[in-house]
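Descriptive structure summary
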Amino acid sequence: QVQLVESGGGLVQPGGSLRLSCTVAGNIFDIDALGWYRQAPGKVREMVAHIFSDGNTNYAASVKGRFTISSNSAKTNVDLQMNSLKPEDTAVYYCYAWTPRGPGDDGQDYWGKGTPVTVSS
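A brief look at the structure comes next. The residue numbering used here restarts from 1 in each chain and proceeds along that chain's sequence as written. Note on the predicted model: pLDDT of at least 70 is required for a residue's local features to be given, and 80 or more for side-chain atom pairs to be given and counted; whole-chain, interface and lining totals, by contrast, use all residues. Side-chain numbers here rest on the full set of heavy atoms in the structure, without hydrogens or water.

**What about the state of the cysteines?**
This is how it is decided: When two cysteine sulfur atoms lie within 2.5 Å, the pair is treated as a disulfide. Runs of E in the DSSP output that reach at least two residues are strands. Runs of H or I that reach at least four are helices, and both are numbered from the N terminus. The classification of residues rests on relative accessible area computed with a 1.4 Å probe and restricted to protein chains. Under 20% of the type maximum is buried, over 50% is exposed, and intermediate values are partly exposed.
Enumeration according to the criterion identifies 1 disulfide in this entry. Between the sulfur atoms of Cys22 and its disulfide partner Cys95 the distance amounts to 2.1 Å. Since a negative S-S torsion denotes a left-handed disulfide, the Cys22-Cys95 link at about -90° is left-handed. Of this pair, Cys22 sits in strand β3 (residues 18–25) while Cys95 is found in strand β9 (residues 91–99), placing the two residues 73 residues apart along the sequence. Take Cys22: its relative accessible area is 0%, and that puts it in the buried class.

**As for the nonpolar core**
Rules: To form a nonpolar core, buried Ala, Val, Leu, Ile, Met, Phe, Trp, Tyr and Cys residues must be joined to one another through side-chain atoms within 4.5 Å. The contact criterion used throughout is that any non-hydrogen atoms of two residues lie within 4.5 Å.
Among the nonpolar cores identified, the biggest contains 29 residues, and Trp36, Leu80, Met82 and Tyr93 are the most heavily contacted of them. Listing elements by their share of this core, those giving two or more residues are β3, β4 (33–39), β5 (46–52), β7 (67–71), β8 (77–82), β9 and β11 (115–119). With residues up to four places along the chain from it excluded, the contact list for Tyr93 reads Glu6, Leu20, Trp36, Tyr37, Arg38, Val48, Phe67, Leu80, Met82, Gly114, Thr115 and Val117.

**A few points about the pattern of salt bridges**
In a structure, side chains of opposite charge can pair up when their charged atoms sit close to one another. To be explicit about the condition: In what follows, salt bridge is the name for a side-chain nitrogen of Lys or Arg lying within 4 Å of a carboxyl oxygen of Asp or Glu.
Evaluated as defined, the whole model comprises 5 salt bridges. Residues Arg101 and Asp30 are paired through a salt bridge, measuring 2.3 Å at the closest nitrogen-oxygen approach. Linking Arg101 in the loop between β9 and β10 (108–111) with Asp30 in the loop between β3 and β4, this pair joins segments that are 71 residues apart in sequence. With relative accessibility at 45%, the residue Asp30 sits in the partly exposed group. Salt bridges linked by common partners bring Arg38, Glu46, Arg66 and Asp89 together as one network.

**Details of the sheet that holds strand β1 (residues 3–7)**
Using the following cut-off: The criterion for strand pairing is that DSSP finds at least two bridges linking the strands in question. Think of each axis as a best-fit line through the C-alpha atoms, taken over the contacting stretch in the case of a helix, with angles from 0 to 180 degrees between the N-to-C directions.
The strand order β1-β3-β8-β7 describes an open sheet built from 4 strands, whose pairing is antiparallel. The sheet terminates laterally at β1 and β7, the two strands that pair on one side only. Ignoring strand direction, the axes of neighbouring strands in this sheet form an average angle of 15°. Pairing analysis gives 5 bridges linking β7 to β8, with the strands arranged antiparallel.

**Considerations on the environment of Asp105**
As for its position among the elements, Asp105 is in the loop between β9 and β10. Given the relative accessible area of 83%, Asp105 is considered exposed. Residues Asp105 and Gly42, spaced 63 residues apart in sequence, show a C-alpha to C-alpha distance of 32 Å.

**Concerning the packing of aromatic side chains**
Stated formally: Only centres within 6.5 Å qualify two rings of Phe, Tyr or Trp (six-membered ring in Trp) as a pair; their planes then separate them into stacked at under 30 degrees, edge-to-face at over 60, and tilted for everything else. Should the NZ of a Lys or the CZ of an Arg lie within 6 Å of a ring centre and within 35 degrees of the ring normal, that charge is described as sitting over the ring.
Summed over the entire model, instances satisfying the criterion amount to 3 aromatic pairs. Taking 4.8 Å as the distance between ring centres and 55° as the angle between the ring planes, the aromatic pair formed by Tyr96 and Trp111 counts as tilted. On the criterion of sequence distance, the pair formed by Tyr96 in strand β9 and Trp111 in strand β10 is long-range, its members being 15 residues apart. Tyr96 gets classed as buried once you look at its relative accessible area, which sits at 11%. Taken together through their ring pairs, the aromatic side chains of Tyr37, Tyr96 and Trp111 make up a single cluster. One cation-aromatic arrangement involves Arg45 over Tyr37; the distance from NZ or CZ to the ring centre is 6.0 Å.

Okay, here's the thing in structure tokens:
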């Protein structure tokens, strides 16, 4: 019932920019964190950026200063502005949401299906 749908991926040249968007819909409440993760070919999934309900953000060291995460107040959308893209940014990018309303103390997380980003000349 909960769906996270990404859009905006594609092919871009090194040094270029892309803006990824994620729409959050369904029976999800009290979202405390939204984020973006990515998985490059042959590598494990890694955190790219988080944004929390108080507006604080954090970023992976590899993207800090180049990427910016943002969301609306209703937590129904989360965007990732990616500038100065590098070939090593090539990956499938996944939207993420977390709510404390889940089983046990760990809450519940939700994932999108991913959108591919390829940075190549």
